[in-house]
Structures are given as structure tokens and as C-alpha cells.
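# Topology and contacts: notes
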Amino acid sequence: MAERALLERFLRCPLCSVTFRDPVSLSCTHNFCSSCLQTSWEKTEDKNCPICKRKSSKDPEVDFSLKEGADSFARRQKAGSSETEKEENEVDSPVEQTISDVKDQKESDLKSLQHEMDKCQQMVDIIKDQRSSTEKQIRAEFKKLHQFLKEEEESRLAALREEGEQKGKTMSREMKRIEEQISSLYKPTQTRARDQCSLSDPQLVSGALIDEAKHLGNLSFRVWEKMKEKVHFSPVILDPNTAHPRLHLSDDLTSVRKGDTKKQLPDNPERHINYCNVLGSEGFSSGKHSWEVEVGDHPGWFVGLAKESADRKRQCSASPDSGIWCLEYRRGKYTDGSGKTVSKKKSLQKIRVKLNYERGEVSFYNPEDKTHIYTHRDTFTEKLFPYFSIEDSHDAENIDIKICQTET
């Protein structure tokens, strides 16, 4: 009978104190009759659990296992006390098994949810680190720009001061000359007469004023032109959220190297896990695009494009069959990513990648002599992203794969 009382308490709604009718389960794992819960929420005008007061993260769902147990228990009660102990045991046994299964399932679900919660907390911590790091780099970049503008401002003010001083000296000399002429008026008559013969009509000196147009004309444009000498444009920016944990990207996201150990990074859907790959941040679904990559003497790399849906988690070859069109360099040989050797008379220091989306072409060139290396031809149906894969650098002098910048 003790087991019967325990079973009855387990199958009783905490709001109406009777056996569950259409029991629903909240994300906090508490159970209620569906109608009781709705009535409670209408009274409190919120959707918190009536027991623990936690806000439900999802709509209530019918707990079919618990419903089956409650319905079975209700049928047994309805049958009345005339049933024998054997019959009670026959009914209790499957119900108790059902309750046990429900408990096990709930514990399993709770562990799974807790694991998901831990992963979310890890993501929150990483987002905070990303925000702090990105903010620091933004401030550093603007500090450089501010410093340039400050130095340019001081330079132009110095030029203005220098011109002002020079023009002032010129006028001082002119004023001194006039003073000397004035003093000659008071010399003896004969001497004065000779000096007066040499006097000319007083005139303003040409170019005596500061050349304001030179200092102010198109000032912002001329400063911007000078700033362009210090600013460069990268046609491809690497996406840190796609990078394998062993890859290290430069602060400006234009070069990448392979490290010795894995960083603690979340396994977000965009990230490559099996291979040391990283993608560009911008994808292309039309038009013509090109960029250059400096590989130097790095002994192992893949450079090209990958379709957006290319697998980033499982092992797959860097080939068109996998949605990757690239030029590969390994063990001193250049191949097309499908195993076909591409012959080159000398080592390539830089690679130019060209995409013609509409024509379905991914081409590779040697930018030093503008010779064609190889062209993949296919039909593209989705967005393509610049693709980079890096192997160990060993004793190479160049351990970075760099995207070449261009003048603005």
C-alpha cells in the first residue's frame, strides 16, 4: 500500500490535487494538468512555473509517458476495491515501470539540457572576449588615424606660421625703407633735394598677404590623398569564426599561420574541425573577382574557393566533388585538388585567384609573369567563399599565408 500511496502522489497534479488529466511538462521538468496550468497563468498574467517560478523557455508539451501512467492509474481506481491483490499487482507493475521510464527519460533530458546550457555559457564567455579584443583593435586603428591627422594638422599649421613670419619680415623691411625715406625729409636742403628725386610713389608690395587659398583650398581632399599612401585595401578578409582551432590569424585578418596547439574555441556550425582550413568573410554568388595570395616557400597549402555548403566537420578531400576548387602544393608538387599534377618550371611565390561565376571558372595565375597555371570549370549554384588550407611549415622561412593588399 505504501507503493500505491507513493504512486498516487507522483501522478497527482500539484494544482488540483487529483490524478493528472492531459499532463504537460515545462522546461523546468515540473508537471501539471494542461487546464490547471492555463488557469494559473491566466490568474498570474505570466508564464512562470507555479512551483519554482522559473519562466518557461518553451510552450508546454504533452507528456505522453506520464499521461499513459495517469490514465492507467485512473482506470485502476475506477475498477473499485473489488479487485484482488493479484489484479492490483498486475496493474501496478506496468504503471510503476512506466513511471520509472519517465523518471529515467527526464534525468536524461535534464543532463542534455544542462550540457547545452554549459555550451551556451561558453559561447557567452567567448563572445565577451571577442568583443573586448575587437574593441581594442578598433581603438588601435583609430589611434593611428588620429595620430596621422594630428601630425598633418601640426605640419600645415607650421607651414602657415612660417609663411606668416616670412611675410611679416618682408613687410618689416618695407617699413624700414619707408622710415628711412621719411627721415631723409629732415636732412639739409641740398641732400634732401637729391633724395626726393629718387623717391617713387608709395605702393603695396605684391604677394605680401598670406596665400589663404594655398592653405585652405581642398584641404580635406589633399589630406585624404596623403592618407591614402598609408592605407591599403585587402580584397579578401579572413573569417575567424570559420578557422580551425590551430590556425592563428593576424590582427588585420589578412594572413594566417598554423600553430602547434589547439585554441579553446566553440564548435560553432561555421568552424572547420578536421582540417586546418579558414574561409574568407565574404562570399560570391555572381560576377568576376580576383585576389593574390603570397605563399613564399611554405611547403604545404591549398588556395581556391569552396561552396558555402561544403562539409566543415567531417573528413573530405579538397576537390570539386566536395565543393572545393583549389590549387594544391604538397611534397614539392602542384596539383589541381583532384590529384592531377600541374607542371610548373619554377616555384610559385604568389598565386592570383580569379573567379568568373557566370562562366563557372576558377583560374590560377602566376602574377609575377602573368602566366596561366590551371582553370577549374564547373557549374556554380550557390555562394562561393575564398578557401585556404595550411599544413605544417616545418623549417620554412615563410610560415604565413598572406592575402596581398592593394593601394586604395
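In this text the structure is predicted, and so the values were computed from the model without any measurement. (Residues numbered from 1 in each chain as written. Predicted model: local features only at pLDDT ≥ 70, side-chain atom pairs only at ≥ 80, totals over all residues. Heavy atoms only, no water.)

## Regarding the packing of aromatic side chains
To keep things clear, this is the line we draw: Two rings belonging to Phe, Tyr or Trp (six-membered ring only in the last case) form a pair when the distance between their centres is within 6.5 Å. Interplanar angles under 30 degrees mark stacking, angles over 60 mark edge-to-face geometry, and anything in between is tilted. For the purposes of this entry, the term helix denotes a DSSP run of H or I that reaches at least four residues, the term strand denotes a run of E that reaches at least two, and both are numbered from the N terminus. For every residue, the accessible area obtained with a 1.4 Å probe (protein chains only) is divided by the maximum for its type, and the residue is called buried under 20%, exposed over 50%, and partly exposed between those limits. In this scheme, the term charge over a ring applies when either NZ of a lysine or CZ of an arginine sits within 6 Å of the ring centre and within 35 degrees of the ring normal.
For the coordinates displayed, the defined rule picks out 7 aromatic pairs. Here the aromatic rings of F221 and W224 are separated by 5.8 Å at their centres, their planes lie at 45°, and the arrangement is tilted. Here F221 and its partner W224 are both found in helix α7 (residues 219-228), 3 residues apart, which amounts to about one turn of the helix. On the accessibility criterion, W224 (46% relative accessible area) is partly exposed. Ring plane angle 55° and centroid distance 6.2 Å describe the contact between W301 and Y334, whose orientation is recorded as tilted. In this pair, W301 sits in strand β9 (residues 300-307) while Y334 sits in strand β11 (residues 333-335), placing the two residues 33 residues apart along the sequence. Grouping residues by exposure puts W301 and Y334 together as buried. In this arrangement the basic side chain of K354 is found over the ring face of Y365, its NZ or CZ atom lying 4.9 Å from the centre.

## Digging into helix α2 (residues 34-44)
Put simply, the rule is: The arc in question is formed by the directions pointing from the helix axis toward the C-beta atoms. Residue contacts are defined here by distance: any two heavy atoms, one from each residue, within 4.5 Å place the two residues in contact.
Taken as a whole, α2 has its buried residues at C36, L37, S40 and W41. Buried residues of α2, viewed axially, fall in a sector of 130°; they line one side. For α2, the exposed residues lying more than 90 degrees away from the buried face are E42 and K43. Its buried side turned inward, α2 meets β1 (23-25) and β2 (31-33). Immediately beyond the C-terminal end of α2, within one or two residues, lies E45, with a positive phi of roughly 60°.

## Some words on unusual backbone geometry
Its identity is not glycine, yet E45 carries a phi of approximately 60°, on the positive side. Here E45 shows up in the loop between α2 and β3 (61-62). Relative accessible area serves as the criterion here: at 72%, E45 is assigned to the exposed category. Positioned with a positive phi, L253 is a non-glycine residue whose angle comes to about 60°. Judged by its relative accessible area of 23%, L253 falls in the partly exposed class.

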